[in-house]
Every structure is written in C-alpha cells, then in structure tokens.
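For reference, the chains in residue letters:
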Amino acid sequence: MREEIQNIRNEALAQLIEAKTADEVERLRIIYLGRNGKVNKLTKKLKSLKTQEKKEVGSLLNDTKDTLIFQIGKRKNQLKYGVRQWFDPTIPGKKPVIGHLHLITQAIEEISSIFEKIGFTRVRYPEVEWDYYAFESLNMPKDHPARDVWETFFVDSKKDKKYGQMVLTPHTSSGQIREMERIKNPPIRMINIAKCFRRELDASHTPMFHQFEGLVIDKDISIAHLKGTLDYFAKNYFGPERKTRLRPFHFQFTEPSFEVDISCGICKAKGCKVCKEGWLELGGAGMVYPSVLKNGGIDPQKYTGFAFGWGVERVVMMKPGLNIPDLRLLYSSDLRFLRQF
Ligand code: DAH
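Description of the structure in this document. Bear in mind the structure is a predicted one, so any value in this text is a computation, not a measurement. (Residues numbered from 1 in each chain as written. Predicted model: local features only at pLDDT ≥ 70, side-chain atom pairs only at ≥ 80, totals over all residues. Heavy atoms only, no water.)

1. Let's talk about unusual backbone geometry
For step 1, the next point in the chain: Pro-187 follows Pro-186 through a cis peptide bond whose omega is 15 degrees.
For step 2, the next point in the chain: Positionally, Pro-187 belongs in the loop between α7 (175-183) and β5 (188-197).
For step 3, the next point in the chain: Even without a glycine there, the phi angle at Asn-139 is positive, about 70 degrees.
For step 4, the next point in the chain: Its place among the elements puts Asn-139 in the loop between α6 (131-134) and β3 (154-160).
For step 5, the next point in the chain: Of the residues examined, Asn-139 reaches a relative accessible area of 17% and is grouped as buried. (Helix = DSSP H or I, 4+ residues; strand = E, 2+ residues; numbered from the N terminus. Buried < 20%, exposed > 50% of the residue type's maximum accessible area, 1.4 Å probe, protein only.)

2. Things to note about the sheet that holds strand β2 (residues 128-130)
For step 1, the next point in the chain: Sheet architecture is open: three strands sit in the order β2-β4-β3, paired in antiparallel fashion. Two strands lie at the open edges of the sheet, namely β2 and β3, each paired on one side alone. When the angles between neighbouring strand axes are averaged without regard to direction, this sheet yields 25 degrees. (Pairing = 2+ DSSP bridges. Axes fitted to C-alpha atoms, helices over the stretch in contact; angles between N-to-C directions.)

3. Considerations on the site of the ligand
For step 1, the next point in the chain: Taken together, 16 residues form the shell around the ligand, and within it His-171, Ser-173, Arg-198, Gln-211 and Glu-213 come nearest.
For step 2, the next point in the chain: His-171 places a side-chain nitrogen or oxygen 2.9 Å from a nitrogen atom of the ligand.
For step 3, the next point in the chain: One of the side-chain N or O atoms of Gln-176 is found 3.2 Å from an oxygen atom in the ligand.
For step 4, the next point in the chain: Contact with the protein chains hides 93% of the accessible area of the ligand, taken as 350 Å² for the molecule alone.
For step 5, the next point in the chain: If you list the elements that add at least two residues to the shell around the ligand, you get β6 (208-218), β9 (279-288) and β10 (304-311).
For step 6, the next point in the chain: A per-class count over the shell around the ligand returns six nonpolar, eight polar and two charged. (Near = heavy atom within 4 Å. Polar contact = N/O pair within 3.5 Å; in protein donor to acceptor, adjacent residues only side chain to side chain. Areas by Shrake-Rupley, 256 points an atom, 1.4 Å probe, with all protein chains shown as cover. Nonpolar A, V, L, I, M, F, W, Y, C, P; charged D, E, K, R; others polar.)

Listed below in structure tokens is the structure:
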C-alpha cells in the first residue's frame, strides 16, 4: 500500500504542474481529495491493516494529504492571481526613501540660530527689489563706478521716479534700509539671509547664491561690538580655536569699512599650503555710513551701527572637513552629490 500512496502523490503533483487553469486544479482536487477521491479510498483500506502497519501507513497517507492540500492551494493561487501576486507576509517591507534639507538650507538654519542666540531677528526682504534699496540709498547713485562690482541683473520694468528700476538683489545689504524703515526706533539687530543674483559663473561663483547680512543699530555701537559679534560667530560656526581679523577696505555704505578674515583652521594662522599666509577671507563689514542711517530715517547724531554681509556658500565651503571643488555642484541637482551631506 505504501507504493500505491507514493504513486498517487507523484501522479497528482505531475498533473498539478500540467494544469493550465484554476478549474482544472479544482477538478484534480475532487479526484484526489474529494469525498470519493483517491486519498479517501486509501484511508478506507487502512482498516484492514495490522496495528503497527496501520500507524506507519496512516502517517504516510496524512503527509501525502497535507502536501496535496498545500500544493493544490498554491497552484490555484498562481493560476488565479499570477505568480507575482503570491503574497509572503514575512518578507521585510521596502522603506520609502527619505530626503533631507539641502546643504545650504542646513547652513542657513545653523547661521540664523547662532545669531538668534545673541538677540538678532531673522528677516527676509524682496529678492526682486528697487534700485533705490540695492544701490541708491547705500550711497551708490546711478552711474557710480562702485556699482560695477555688483554684476547686476536688471528687470525689464517701468522705472519709478524715486525708486528707479527693478533689479534682482545683488546683495543682502538691500535689506538695511528696509529694516530701518520697519523698526524706525532702534535698537535694531537684524540678520537678513536671502538669495542674491549676479552675472557670474565659474567654479567659485553661481548666478544665484546666498548672503547673510547683519545690521546692528543702537546708541554707542562701536567697532568693538562688531569685532565681538564676528568672533562669536567664527567660534560657534567654525570652531572654538578660530579668530577673526579686520583688514581696512572700502565700501560705499560703511566708514570705516573692512574685509573680515578668519584664521586658517589647518595651520592656526601660521601659514600653510591651503591658506598661504594664515588667514582666509570671509566677507565685508563696517560701521554704517551716517547718510545711510539718514536714508533709513534714523538720526546719525543719536545712533551708530555696524553691518556685515557674507556669502553663505562661502562660509559653508570653508567649514572644516568639507572639500567642495566646484560651487556649481551645489545647484546641479545631482542626488549622488547632495545625499552626502
Ligand atoms: N554687500 C557687500 C557685498 O555684497 C558686503 C558688505 C560689505 C555688507 C560691508 C555689509 C558691509 O553690510 O558693511 O559685497
């Protein structure tokens, strides 16, 4: 009888593979597992066996029955839903890919939180702006050669008598007068972080970039306050061992004006291959020019102020451990590059 069971099992499995539709499989189920099916017929025969024999053959027959139930169910599903629909709930799920903030957005958040800790308020002003706020009110009248530094995009718009033409903000200094007009009565502690636009494109320039502009106006504000604020930022953003240095420079809207340098993180201002003479250039700063205060409606007899404007991309590139060879990579939308940060 053992042989008979084996034969039925092999025959059934072979026919199952051959079956082309779920109906055919159902027919096979009736032939083998139905009330008068082949398996049941053998079960009836068991009675005639001796006790020991009955036990062994009975267990073989049960195994065969279980196998056929499972295989018939599986084949039916395959034919009904297709192989891919066969659902295995134990397979681990696929995790959706989670993105993250762009490197520059992360830097903007870090910079604003550093300044917010010492009482600065983050503001944003229009990025399509009047010539007046971008240049004229900052001591750069039309046709002034100083304007050449800011390779400006002009918007093809109607000119306003007072405010002139529209431009894409070439620097965040355009927010200085707007902030004075908004606050009216100092103290002012502004950090304006926004997009800037200039007609430049190479490994260290993109036509769209970001600047952060600090402006502090109050009674008795001096260069010492400026230096203290810059040192505070340098230590918190770049690391506690970094120092800043002010180098005399010229801007139309500040007097005195400075370029701010930061000590090189590799050689600690001793001079090395990377920095050459120990210091790296960060950006501009100075004491707000009295006529600029006046343009913003603030009395220069009563108040003084300092300002600084630096590139976000520039400070990011100078962060220790980052080595980005080409600024354009930041805005190329290449996920292989962006996922690194
Ligand atoms: N706006 C200047 C630039 O884009 C940078 C700058 C210089 C900003 C001196 C300032 C400043 O606030 O005081 O080059």
